[in-house]
Structures are given as structure tokens and as C-alpha cells.
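What follows is the residue order along each chain.
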Amino acid sequence: MAKIVVLMGAPGAGKGTQARLLQDRTGLPQISTGDMFRAIAQEESPLADEVRAVQASGRLISDDLVIRIVRDRTNRPDCRNGYILDGFPRTIKQAEMLEALAKEQGHELVAVLIDVPFDVLEKRMTGRRTCPVCGEIYNIYFKPPKTDEVCDRHPEVKLMHRSDDVPEKVRVRLETYEQQTRPLLDYYAATGRLHRVDGTRTPEEIYRDVERIVLGQ
Ligand code: AP5
Ligand code: MG
């Protein structure tokens, strides 16, 4: 049965980093709701203004909008053999919707928590830089680019620093995670679908565990 891989973890835990590795090596598409909303935020429309404001605040976008976007995206043909969810679900309502969607699509669900203590997360977020062309994720402390502030593969563009990756927004994001998203861990644990991996090691070490869980070995 095709799988929906739900990558869970606090902001900055490494969901995007692991999702990109999984996508490159298994061929399953990465569906990042955060990236999809950052793309919408660049448009010019009332919706874009709203999304930009909510993302910059560190709070969550409304469940109805997120659910609509995930449903549309995962019903595309490239998701037929399964997909990787990065940053979704984040509320119980979103998790319930995903349950129904998985049933409709005939997929089984496996949740992987990338477990990282809160004190490590702040540096991961404030140090993060992303290439606007290929999406490569860097970190000025842990994974710096070869040349300051530019991508190794796209030296013509400056790396981006997210508007929510500043200390006061990071605090709001961590609080939001605690209140609204952490309860989902119990939700998946109660049905035996939650796997934990130690997210304090190197991305490659973490990846080995993630891949083993996803491929069911
Ligand atoms: P989103 O984009 O999903 O952000 P997030 O959950 O806060 O997670 P991050 O992207 O910050 O972290 P990550 O876990 O992907 O870590 P990464 O691999 O980049 O959401 C942003 C906003 O969009 C939300 O606040 C909300 O407003 C909205 N939104 C999105 N989804 C939503 C939903 N479902 N419902 C409602 N609203 C939604 O790594 C972080 C850094 O650490 C990088 O610099 C990386 O290089 C480094 N790093 C990674 N792994 C390691 C490692 N093993 N060792 C050392 N450094 C590492
Ligand atoms: Mg991310």
C-alpha cells in the first residue's frame, strides 16, 4: 500500500531537510504547506496579504484554507504512489481531515517525529538561509554555504532569510507548536503510528532512521 509520510517536529527540527532527502532518494514528492504558503505570499492579492501577515506572526493559517490546499495538491497524479507531508497536519482538525483523505486515496499513514530539544531550535531557525532558486536549506552555524549568503549552486542570487526566523517570532512559533501541534503526537501514538527519531544528530544519521521507518525495514 502506498504511504503518506507525515514528518512531525517543532519549528526548526529538520522536517524540510529530511523531506528533501527523502524526495531525492525515494521519489516521493515533498508537500510542504509552509513552502506553498510562502509561494502564495509572493503573489499580489488579498489572500496573499493575509497569508504573509499570518506567517510573519508565527501563528497558524486557518484550517479550512490549509485543508483545501492539501487536498488539491495531493490529488495530483504525482502523489499516486504516496507523498511526504512536511508541516501538515498541525491541528487535530487537520489530522482528522487527513485521516479521511488517506482513506479516499487508499494510502496508509506513517508519522515520524524528529525529536529536538527546544534550546537547540532557536539557533537552527535564526541561522537558517534558503536558496530562492532550488530551495536548498543552509544554516550559518551548522551548514554554511561555501561563500557567505549565496547558494553553492546558484551564486547569482542572494540566500533568503525568512521573516519568521527572528527571535521574537521564533518564540511565538514554539508556543503555537506546544499548544496546537504537540497534542497530535498522542493522537498518532495512540494508534501505533508514531515513530521517534533523535533529531540532534547529523542530517545523514537521522535520514538513515527515517528511511528505515518509511521503507518498513
Ligand atoms: P513551516 O514552513 O512549516 O515552518 P516550521 O514548522 O516552523 O518549520 P521550519 O520550516 O521552520 O523548520 P523545519 O523543521 O522544516 O527545519 P529545516 O529542515 O528547515 O511553516 C511556516 C508557517 O506557515 C507557520 O508558522 C504557519 O503560519 C504556516 N503554516 C504552514 N503549515 C501550516 C499548517 N499545516 N497549518 C497552518 N499554518 C501552517 O531546518 C532548520 C535549520 O536547521 C536549517 O538551517 C537546517 O540547515 C538546520 N538543520 C536541519 N537539520 C539539522 C541537523 N540534523 N543538525 C544541524 N542543523 C540542522
Ligand atoms: Mg520547513
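Our structure is the block above this text.
Residues numbered from 1 in each chain as written. Chains lettered and ligands numbered in written order. Predicted model: local features only at pLDDT ≥ 70, side-chain atom pairs only at ≥ 80, totals over all residues. Heavy atoms only, no water.

## A look at the sheet that holds strand β3 (residues 82-86)
Within a beta sheet, neighbouring strands are joined by backbone hydrogen bonds and run either parallel or antiparallel to one another. This is how it is decided: Any two strands between which DSSP finds at least two bridges are classified as paired. Helix and strand assignments come from DSSP, with helices taken as H or I runs of at least 4 residues and strands as E runs of at least 2, each series counted from the N terminus. What counts as an axis is a line fitted to C-alpha atoms, over the stretch in contact for a helix, and the angles between N-to-C directions run from 0 to 180 degrees. When checking whether two residues touch, look at their non-hydrogen atoms; a contact exists if any pair is within 4.5 Å.
On the basis of which strands lie adjacent, the open sheet formed by 5 strands has the order β2-β3-β1-β4-β7 and parallel pairing. With one partner strand each, in any of the chains shown, β2 (30-32) and β7 (194-198) form the two edges of the open sheet. Neighbour-to-neighbour, the strand axes of the sheet open up by a mean angle of 25°, direction not taken into account. The pairing of strand β4 (residues 108-115) with β7 spans 5 bridges and is classified as parallel. Bridge pairing links I114 to V197 in β7. Here helix α2 (residues 33-41) sits on the sheet in contact with β2 and β3, set at roughly 60° to β2.

## Let's talk about the site of ligand 1
Note the threshold: Proximity is defined per residue: any heavy atom of the residue falling within 4 Å of a molecule or strand makes that residue near it. Under this definition, polar contacts are N or O atom pairs within 3.5 Å; protein pairs additionally need one hydrogen-donor-capable and one acceptor-capable atom, and for neighbouring residues in sequence, both atoms have to be side-chain atoms. Only the protein chains shown count as cover for residues, and all accessible areas are computed by the Shrake-Rupley method using a 1.4 Å probe. As a working rule, the residues Ala, Val, Leu, Ile, Met, Phe, Trp, Tyr, Cys and Pro are called nonpolar, Asp, Glu, Lys and Arg charged, and the rest polar, with Gly in that last group.
Lining the immediate surroundings of ligand 1 are 33 residues, of which T17, R59, R90, R128 and R173 lie closest. Side-chain polar atom of R38 to an oxygen atom of ligand 1: 2.8 Å apart, as the coordinates give it. Take R59: an N or O atom from its main chain is 2.6 Å from an oxygen atom of ligand 1. Relative to its unbound accessible area of 1,000 Å², ligand 1 is 96% covered by the protein chains. Put simply, the parts of the chain that give the shell around ligand 1 at least two residues each are α1 (15-26), α2, β6 (137-139) and α9 (203-215). Residues of the shell around ligand 1, tallied by class, amount to 12 nonpolar, 11 polar and 10 charged.

## Side note on the nonpolar core
Operational definition: Definition used in this section: a nonpolar core is a set of buried Ala, Val, Leu, Ile, Met, Phe, Trp, Tyr and Cys residues joined via side-chain atoms within 4.5 Å. Any residue under 20% of the maximum accessible area for its type is buried, any over 50% is exposed, and the rest in between are partly exposed; the area is computed with a 1.4 Å probe on protein chains only.
Core analysis: the biggest nonpolar cluster contains 54 residues, and L85 and L98 have the highest contact counts within it. With residues up to four places along the chain from it excluded, the contact list for L85 reads I4, V5, V6, L7, I31, V70 and L98.

## Some thoughts on the pattern of salt bridges
As a reminder, the rule being used: Just to be clear on terms, a salt bridge is a Lys or Arg side-chain nitrogen sitting within 4 Å of an Asp or Glu carboxyl oxygen.
With the rule as written, the count across this model stands at 19 salt bridges. The residue E204 makes a salt bridge to R25 at a minimum N-O spacing of 2.8 Å. Of this pair, E204 sits in helix α9 while R25 is found in helix α1, placing the two residues 179 residues apart along the sequence. Its relative accessible area of 36% is what places E204 among the partly exposed residues.

## A look at the packing of helix α6 (residues 118-126) against helix α7 (residues 167-181)
Cut-off, in case you're wondering: For classification purposes, angles smaller than 35 degrees are called roughly parallel, those larger than 145 roughly antiparallel, those between 65 and 115 roughly perpendicular, and all remaining angles oblique. Note on convention: the crossing is left-handed when the near helix lies turned anticlockwise from the far helix by less than a right angle, right-handed when the turn is clockwise.
Running from N to C, α6 and α7 point in directions that differ by 130°, and their axes come no closer than 10 Å. As summarised for this structure, α6 and α7 are arranged oblique, according to the angle between their axes. In the packing of α6 onto α7, the handedness of the crossing is right-handed. In this structure, α6 uses F118, L121, E122, M125 and T126 to contact α7, whose residues at the interface are P167, V170, R173, L174, Y177 and E178. Looking at the contact of α6 with α7, its residues break down into 7 nonpolar, 1 polar and 3 charged.

## Considering the packing of aromatic side chains
Let me state the cut-off plainly: Each pair of aromatic rings taken from Phe, Tyr and Trp, with Trp reduced to its six-membered ring, is defined by centres within 6.5 Å and is described as stacked if the planes are under 30 degrees apart, edge-to-face if over 60, and tilted in the remaining cases. Note on geometry: a ring has a charge over it if NZ (lysine) or CZ (arginine) is within 6 Å of the ring centre and within 35 degrees of the ring normal.
Counted by the stated rule, this structure contains 2 aromatic pairs. Each ring, one from Y187 and one from Y188, has its centre 5.2 Å from the other, and the planes form 85°; the classification is edge-to-face. The exposure class of Y187 is partly exposed, given its relative accessible area of 23%. Sitting over the face of the ring of Y141, K123 holds its NZ or CZ atom 4.8 Å from the ring centroid. Just above the ring of Y138 sits the side chain of K143; from NZ or CZ to the centre is 5.4 Å.

## Quick notes on the pairing of strand β1 (residues 3-8)
Along any regular strand the residues' side chains alternate between the sheet's two faces. Most of β1 sits out of view: 5 of its 6 residues are buried. Examined bridge by bridge, β1 and β3 share 5 bridges and lie parallel to one another. For V6, the partnering residue across the bridge sits in β3 and is L85. Sheet topology places β1 next to β4; 6 bridges connect them, and they run parallel. Residue pairing across strands places V5 opposite V110, the latter belonging to β4.

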